[in-house]
Amino acid sequence: MTASIIQNIFNALQWGSFYSLIALGYTLVYGVLLLINFAHGDIFMVGAYISFFVATFLLGGYAFGPPFGLPGWMVLGLTIPLTMILTSVVGVTLERVAYRPLRRKGANRLYVVITALMCGIILENGNLAILGASRKSYPELVDKVVYTFGSITVTNLKIGVILSSILVFAILQFIITKTKIGMAMRAISYDKFAVPLMGIPIDTIIVFTFVLGSSLAGFAGILFALSYPVLDPFMGALIGWKAFIAAVVGGIGDIRGAFLGGFLLGFVEIGVVAFFPSTYRDLIAFTILLIILCIKPTGLFGVAKTTKV
Amino acid sequence: MKKNSVPILLTALLALLTGLAYFEIIDLYIQSVIMFIGINIILASSLNIVNGYMGEFSCGHAAFMAVGAYTASIINVALFTNDKVFGPAVLSSELALYCFPFVLIISGLVAAVAGLMIAIPSFKTRGDYLAIITIAANFIVTSTIINISSIGGARGFMGMKKIVFAMEDVVDLPWMLVWVCLSTFTCIWIIRRFVSSTYGKGIIAINNDEIAAEMMGVNTNRMKLVAFMLSSGLAGVAGALFAHILGYINPGSFGILKSTECLVMVYLGGMGSLSGSVIAAIVFTLLIEGLRFIIPAIDSGLHMIAVLPDSYHLSQVWKWVIIPLVLVLLMQFKPEGIMGNRELSDIFPRLKKFYKFK
Amino acid sequence: MALLQINNMSHRFGGLCALNNFGVTLEPGDFMGLIGPNGAGKTTVFNLVSGFYQPSDGEILYKGKTLAGLKPHKVTSLGIARTFQNIRLWKDMSVLDNIRIAQHHNLGYSLLDSFMRTKRYINCEKQIKKNSIDILEALDLIKYADDLPDNLPYGIQRRVEIARALSLKPDLLMLDEPAAGLSSADVQDLITLIKWIHKEFNITIWMIEHQMVVVMSLCSIIKVIDFGATIAQGTPEQIQKNPEVIKAYLGDEAI
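Quick look at the structure, then. (Residues numbered from 1 in each chain as written. Chains lettered and ligands numbered in written order. Predicted model: local features only at pLDDT ≥ 70, side-chain atom pairs only at ≥ 80, totals over all residues. Heavy atoms only, no water.)

### Re the overall build of chain C
A count of helices and strands for chain C gives 10 helices and 10 strands. A globule of 255 residues ought to have a C-alpha radius of gyration of about 18 Å, and chain C, at 19 Å, matches this closely. Its C-alpha atoms give chain C principal-axis dimensions of roughly 65 × 40 × 35 Å. For chain C, long-range pairs separated by at least 24 residues make up 66% of all intrachain contacts whose partners lie at least 6 apart in sequence. (Helix = DSSP H or I, 4+ residues; strand = E, 2+ residues; numbered from the N terminus. Rg over C-alpha atoms; globule rule 2.2 N^0.38 Å. Contact = heavy atoms within 4.5 Å.)

### Considering the interface of chain B and chain A
With 40 residues of chain B at the contact, the number on the chain A side is 48 residues. Between chain B and chain A, a total of about 4,000 Å² is buried, with carbon and sulfur atoms accounting for 77% of that surface. At the surface where chain B touches chain A, the tally comes to one salt bridge. For B:Asp128, the salt bridge identified is with A:Arg109, shortest N-O distance 3.2 Å. (Buried area = accessible area lost by both parts, 1.4 Å probe. Salt bridge = Lys/Arg side-chain N within 4 Å of Asp/Glu carboxyl O.)

### Notes on the sheet that holds strand E4 (residues 57-62) of chain C
All names here are of chain C. Taken in spatial order, the four strands line up as E2-E1-E4-E5 in an open sheet, and their pairing is antiparallel. Strands with a single pairing partner mark the edges of an open sheet, and in this sheet they are strand E2 (16-26) and strand E5 (65-66). Bridge count between strand E1 (residues 4-13) and E4: five bridges; the pairing is antiparallel. Paired with Leu4 across the bridge in E4 is Tyr62. On top of the sheet, helix H1 (residues 42-49) reaches E1, E2 and E4; it is set at about 115° to E1, its chief contact. (Pairing = 2+ DSSP bridges. Axes fitted to C-alpha atoms, helices over the stretch in contact; angles between N-to-C directions.)

### A word on helix H10 (residues 255-275) of chain A
A rise of 1.5 Å per residue sets the reference length of H10(A), with its 21 residues, at 30 Å; its end C-alpha atoms lie 31 Å apart and thus fit the reference within 8%. Where H10(A) starts, the residue carrying a side-chain oxygen 2.9 Å from the main-chain nitrogen of A:Arg256 turns out to be A:Asp254. (Expected span 1.5 Å × (residues − 1). Polar contact = N/O pair within 3.5 Å; in protein donor to acceptor, adjacent residues only side chain to side chain.)

### Looking at the packing of aromatic side chains
Both the distance between ring centres and the angle between the ring planes are used here to describe each pair of aromatic rings. With the rule as written, the count across this model stands at 36 aromatic pairs over all chains. Between C:Tyr109 and C:Tyr121, the aromatic rings sit 4.7 Å apart at their centres with planes inclined by 70°, giving edge-to-face as the arrangement. Within this pair, whereas C:Tyr109 is found in the loop between helix H3 (95-101) and helix H4 (111-116), its partner C:Tyr121 is found in helix H5 (residues 119-138), the two being separated by 12 residues in sequence. Residue C:Tyr109 shares its accessibility class with C:Tyr121, and that shared class is buried. In textbook terms, an aromatic cluster arises when at least three aromatic residues are bridged by ring pairs, as seen for A:Trp15, A:Phe18, A:Tyr19, A:Phe44, A:Phe224 and A:Tyr228. (Phe/Tyr/Trp six-rings, centres within 6.5 Å; stacked < 30°, edge-to-face > 60°. Buried < 20%, exposed > 50% of the residue type's maximum accessible area, 1.4 Å probe, protein only.)

### Quick word on the sheet that holds strand E6 (residues 80-82) of chain C
Residues and elements named next belong to chain C. Spatially, six strands are ordered E6-E7-E8-E3-E9-E10 in an open sheet, and the strand pairing comes out mixed. On the outer flanks of this sheet lie E6 and strand E10 (229-234), each paired with one strand and no other. Ignoring which end each strand starts from, the neighbouring axes of this sheet average 20° apart. For strand E9 (residues 221-226) and E10, the ladder comprises five bridges, and the chain directions are antiparallel. Paired with Ile225 across the two strands is Thr230, which belongs to E10. Strand contacts of helix H6 (residues 154-166): E6 and strand E7 (172-176), with the helix running at about 155° to E7, the strand carrying the most contacts. Relative to strand E8 (residues 204-208), helix H7 (residues 184-200) is tilted by about 150°, and along the sheet it contacts strand E3 (31-35), E7 and E8.

### Section: the pattern of salt bridges
Enumeration according to the criterion identifies 27 salt bridges over all chains in this entry. Here A:Asp254 ties to A:Arg256 by a salt bridge, and the two come within 2.9 Å at their closest N and O atoms. For A:Asp254, a relative accessible area of 17% translates into the label buried. The residue B:Asp209 makes a salt bridge to C:Arg88 at a minimum N-O spacing of 2.7 Å. With B:Asp209 in the loop between helix H9 (201-208) and helix H10 (210-215) and C:Arg88 in the loop between E6 and H3, this residue pair bridges two chains.

### Thoughts on the packing of helix H2 (residues 28-53) of chain B against helix H8 (residues 175-196) of chain B
All names here are of chain B. Where H2 contacts H8, the axes come no closer than 9 Å and their chain directions differ by 20°. Comparing the axis directions of H2 and H8 gives the class roughly parallel. For the element pair H2 and H8, the recorded crossing hand is left-handed. Touching Gln31, Ile34, Met35, Gly38, Ile39, Ile41, Ile42, Ser45, Ser46, Ile49 and Tyr53 of H2 are Met176, Leu177, Val180, Ser183, Thr184, Cys187, Ile188, Ile191, Phe194 and Val195, all from H8. (Parallel < 35°, antiparallel > 145°, perpendicular 65-115°, else oblique. Left-handed = near helix turned anticlockwise from the far one by under 90°.)

### A word on the side chain of B:Ser273
Residues and elements named next belong to chain B. Mapped onto the elements, Ser273 comes out in the loop between helix H12 (256-269) and helix H13 (274-304). Its relative accessible area of 0% is what places Ser273 among the buried residues. A polar side-chain atom of Ser273 sits 2.9 Å from the main-chain amide nitrogen of Gly276. For Ser273, the side chain forms a polar contact with the main-chain oxygen of Arg342, separated by 2.6 Å. Discounting residues that sit within four places of it in the chain, Ser273 has contacts with Asn48, Tyr53, Met339, Gly340, Asn341, Arg342 and Glu343.

### Thoughts on a nonpolar patch on the surface
Residue and element names in this part refer to chain B. A contiguous nonpolar patch, built from Phe102, Ile105, Ile106, Leu109 and Val110 and spanning about 470 Å² of accessible area, is present on the exposed surface. Position of Phe102 among the secondary structure elements: in helix H4 (residues 95-114). According to the relative accessible area criterion, Phe102 is exposed, its value standing at 54%. (Patch = residues over 30% accessible without salt bridge, like charges linked within 9 Å, V, L, I, M, F, W, Y side chains within 5 Å. Areas by Shrake-Rupley, 256 points an atom, 1.4 Å probe, with all protein chains shown as cover.)

### Observations concerning the environment of A:Leu82
Examined against the element boundaries, A:Leu82 turns out to sit in helix H3 (residues 72-104). On a C-alpha basis, the gap between A:Leu82 and A:Ser215 in space is 9.8 Å, while along the polypeptide they are 133 residues apart.

### Things to note about unusual backbone geometry
One non-glycine residue, B:Glu24, adopts positive backbone phi at about 55°. Along the polypeptide, B:Glu24 turns up in the loop between helix H1 (5-22) and H2.

### Some points on the side chain of A:Thr83
Note that A:Thr83 resides in helix H3. When neighbours within four sequence positions are excluded, A:Thr83 is seen to be in contact with A:Gly47, A:Ile50, A:Ser51, A:Gly218 and A:Ile222.

### Describing the pairing of E7(C)
Sheet faces and side chains relate simply in a regular strand, where the side chains alternate between the two faces. Residues and elements named next belong to chain C. Across the five residues of E7, five count as buried, placing the element largely inside the fold. In this structure, E6 lies alongside E7, joined through three bridges in parallel fashion. Bridging across to E7, Ala81 finds its partner in Leu173. With five bridges joining them, E7 and E8 adopt parallel strand pairing. Bridging from a neighbouring strand, Leu173 pairs with Ile205 of E8. A crossover connection joins E7 to the parallel E8 through H7; in handedness this β-α-β unit is right-handed. (Right-handed = clockwise from strand over helix to strand, strands pointing away.)

### A few points about helix H3 (residues 61-80) of chain B
For H3(B), which comprises 20 residues, the first-to-last C-alpha distance of 29 Å matches the rise-based estimate of 28 Å (1.5 Å per residue) to within 8%. Of all 20 residues in H3(B), 17 are buried, a share of seventy percent or more.

### Concerning the environment of B:Gly202
Note that B:Gly202 resides in helix H9. With 12 residues separating them in the primary sequence, B:Gly202 and B:Glu214 have C-alpha atoms 9.6 Å apart. Apart from the residues lying within four places of it in its own chain, the contact partners of B:Gly202 are B:Val218, B:Met223, C:Ile101 and C:His104.

Right, dumping it as structure tokens:
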């Protein structure tokens, strides 16, 4: 009994890590631009695909690549930064091509949101149309090691996922609270008009935000692909929506909220599956989130905005 | 004349369409396109009440469509057909025709009650937080349906074609086309009358300044309730029609993607413009259907000039790349939608001479 | 019976005491001013009376009945109307529509009537339109009836807001800094207008204002508050001489 509980806690932490990393990207962009970047789940998907191609390339899977395959650990070490860079290029491109012109024209915020939704659909179906419907199976980069403690079994991968997501959060928290650009990001979320007047270039900060958010999604993509090595173009859609809901439950705009919200969702889902048939997972998980939002409408960490009359 | 021009025009349109379909001048495919245009008009204009006029951001419209679709299908199948789950027919299948309008109304009412699921949270919550509640509501409705095995669960529900055939047995007319047209006209009429009355303009006041609205005597909670319930009720009617046209529904057809389509039509047409929603629904449906033919044409064209390798063919998947791309471009050029918040008669004031639409 | 009576009303935002032990009595036909330095809690008083906040302590009696627990639209329908410090007109609607919607609490028809366009609907809408036009004509705003509020000069927007409040047919009109942001010529017009409204509509007016010329020429009683506490009440002459008031506005050294 305890063994299965601990086993489930590990599973919940693992799924929570994926949700958290994606939710962080949502919340960063929302905090700065008040934009729900609905394409973010698909950026996660793009990240997973990019890491697939990068890893296959480095392993010598392509004719134009290095003729000899590098060892797995070295490939992983190179794949992570390369994927993060390439994914953030995708994210920033979306910002430059689709969102920024609309923002410049002073379009209603919701039109930018719809554009983001459309971009997500383009990424999904563009991928499907170009790469075809066959699923890609991810190369095994890390030798699986299974640790057994009594009746509990944990893979090194699972521990790696959990630890690295916590590490990433710690780094992000440092960037947001201690560095100058991080403080500028928080300042924008308070007052969009005063920040440029203080001599801080607003576009630089927005690009930086998208770089951070997208590279996190790319990182989540690698971790996900390592754990569940089958990729398909729509893998980001549902996870993305769920991570977004997690971000809001945590209190969107606050990175601690997004991080905890992600883990909360992980625990709720694994908890539901432990007691109910797995088809009930979404139903019960979403109902719980709905109830949380009804009781605390601004999320766990969100602060209610007061309106002055 | 001016007062009656719109009803006369619409009656003529209905008669024309029915006649064309009856004498098989337009084939079943064109009929179904026309019916989908009607359904999309209902969906877009009803979502416009909440997202356009009231300025909220509801992204779960398909949930209410699902409620309406399942309600109508279950009632009809249970009452008028012999079904494995619901047993033998309770009423003679000839009555299906006369009962159909009532079934539509009931499914609208049930969907309106389901709308309470987002209307009640909206008293306390606004904006993006409410958007989440609507997304969650969408997931909750679809996964509830998946978990009820007696109505087919994820496999879906069918048997509605029998109802359509039963109606055609009584009087040989393209009945679904008639019902879709009548419902579409009624829907536009209701919304137009609602938003042009002082009562309905309360929701525009909520959009502009909710605090001022409340302090100037508008019962904002009641207005939100009315707006959400009206919007979801009409979506329910659209769902009921949708189910009977296809003859088969499954929870997957009412997911976030369907809700996204509704959102796209509203924002494409313009927030708070009824004629915008109508135009956007027509454009959007025609775009989807048109691409069915355009993509193969592009494909053969590209092969002719040898841009594409022989092994690769443009499939229909490209439809869902091209449509969002077109919409993204449209929004870049017209960031307030086709109509903004104006109506047709605001853009062409001369039209006012010919019709009065209230 | 007093029109409005407030006893021992206090309001706290978290730990901050915005209003402490506030009491006031308004008789029908009174014209009272509420003044005090910035942040004194004046608008809080109005927000409490109009139901936007609920007082932490004390009671508000309107025509002898308590307003506790009533939502703002309910309070408004009882006959208390107000304007706002920063103009809050509905910007997407014409001036006429702004006035029409302010009669929302008293439409006389239901949702179904509006779908069916029944006789009742038509009659009620006619009446609403007539009321609105009457108000606009009375306040000399009829020429702006079809304009959007944003396109109007600031002074006119203020007037429209007062017209909107009046169309609620209130017994008590609360004006929150009606002269804020107006030029001196506009201020003179406003004084004339408010004086005329007070007489013509025979209503009780309670006004927050910073410009002393407005307060002194309109109010018959003035109440001064600072840091949430009442420091003086009296006629304009008494207030002008009151050392506490001078201290609150100008500081200790002024005396």
